[in-house]
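# Report on the structure
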Amino acid sequence: MGRPDPADRQAPLRRPVALAVLWLAGLGVLGVSIALVLTIGPSGLTAGDVAQSALARLAGTESGLTRIQEGIIWNLRLPRTMMAALAGAGLALCGVILQSLLRNPLADPYILGISSGASTGAVLVVVLGVGAGAVGLTTGAFVGALTAFGFVLLLAFASGGTTDRVVLAGVAATQLFSAVTSFVVFIAADAEQTRGVLFWLLGSLASVRWSDVAVCGVVVLVGLLVCLLHTSSLDAFTFGQDAAAALGVNVARTRLVLMVVTALITAVIVSTCGAIGFVGLVLPHAARAVVGMRHRVLVPTAALLGAIFVVWIDAAARTVIAPQDLPIGVATALIGVPAFVVLLLRRGRHR
């Protein structure tokens, strides 16, 4: 036998190196996107102003910008943009996990009824005053989201616990909590409350605070780490539950852990931002088109693409009909529906 070609020995390194370059480039695009988005709006800020303010903060010196400009950057636009990135990353991550666990390419984070439950919790607080002022809209939405998820788990596992039962339980929960929300709004809300509830239900990042960013950041980061620890199990789920069990995966425990993680991420995002549809449905497929099916690579790539996508969607949403904000859920749907149609047509041709 001849000596091995050095190129052959280096071949296994090519893909990891290419992926590292891809992720670094993606992080760079995300950082540049956030910096550019901060300049979009009527204040006249430039990328140089943003960089100057950031460097001054790091150095503990004066930036030379006015207090109004500093407030626009650090108190209005940056927390909103960071929340957009976290929401996009979290929803895309949840979409990848649910599509793998349920073996359904059309699954998304709202299939578990979480969005409808959050809407019900928010409406009960805003319209009926549940909590007597001690519970805010975000807390009410979070409790409602977890209640809906608990209902789905109870119904799904009581009926057998298979993936199709989970989907059916999610559909039932969505219809139930949507009906409760509509009923409460119909019988008790005035015109102003109805308008406020509708705007929140369609998705909005206008009132995001740094505390919301911190909570969502911790939840999304922990969720990402948990999912990365289960990527080999997710690869096994691609071939079905029986195949995963044969490969040594504890199917029931893995599915429960990952579904709880996706529920928590979705509940935190929905309780803060309202419903942002189609991100968790479309972005996982875009990530698969870029890096393939291996979840060790797919999970972080989808999160990164989701973050970049929602950052720019939110920038468009707050400028396209300025001075009003277009609800971000409307903006994502306007782009997501055509992508969803393309996905359906492609799947139809491949059958």
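Above this text you will find the structure in question.
Structural notes, computed from the coordinates. Please read all numbers here as calculations on a predicted model, not as lab measurements.

When you line up the elements, Ala-302 lands in helix 13 (residues 295–317). The sequence separation of Ala-302 and Leu-283 amounts to 19 residues, and the corresponding C-alpha distance is 6.3 Å. Not counting chain neighbours up to four residues away, the residues in contact with Ala-302 comprise Ala-92, Val-96 and Ala-287.

The tally for this structure, following the rule as stated, stands at one aromatic pair. With centroids separated by 6.4 Å and ring planes inclined at 80 degrees, the aromatic side chains of Phe-151 and Phe-177 adopt a geometry described as edge-to-face. Linking Phe-151 in helix 5 (residues 137–158) with Phe-177 in helix 6 (residues 163–188), this pair joins segments that are 26 residues apart in sequence. Residue classification places Phe-151 among the partly exposed positions, given a relative accessible area of 30%.

Let us look at empty space enclosed by the protein. According to the stated counting rule, one finds one cavity of 30 Å³ or more in the structure shown. If you add up the space inside the largest cavity, you get close to 30 Å³. The wall of the largest cavity is formed by Arg-80, Phe-199, Ser-204, Leu-205, Asp-314, Asp-325, Leu-326 and Ile-328. Residues that form the lining of the largest cavity fall into these classes: four nonpolar, one polar and three charged.

What counts, and where the lines are drawn
- Residues numbered from 1 in each chain as written.
- Predicted model: local features only at pLDDT ≥ 70, side-chain atom pairs only at ≥ 80, totals over all residues.
- Heavy atoms only, no water.
- Helix = DSSP H or I, 4+ residues; strand = E, 2+ residues; numbered from the N terminus.
- Contact = heavy atoms within 4.5 Å.
- Phe/Tyr/Trp six-rings, centres within 6.5 Å; stacked < 30°, edge-to-face > 60°.
- Buried < 20%, exposed > 50% of the residue type's maximum accessible area, 1.4 Å probe, protein only.
- 1 Å grid on protein atoms, 1.4 Å probe; cavity = no way out; pocket = protein on both sides within 12 Å on 5 of 7 lines; lining within 4 Å.
- Points joined across faces, edges and corners; volume = space filled by probe spheres on them.
- Nonpolar A, V, L, I, M, F, W, Y, C, P; charged D, E, K, R; others polar.

Remember, this is a structural readout, not a statement about activity or role.
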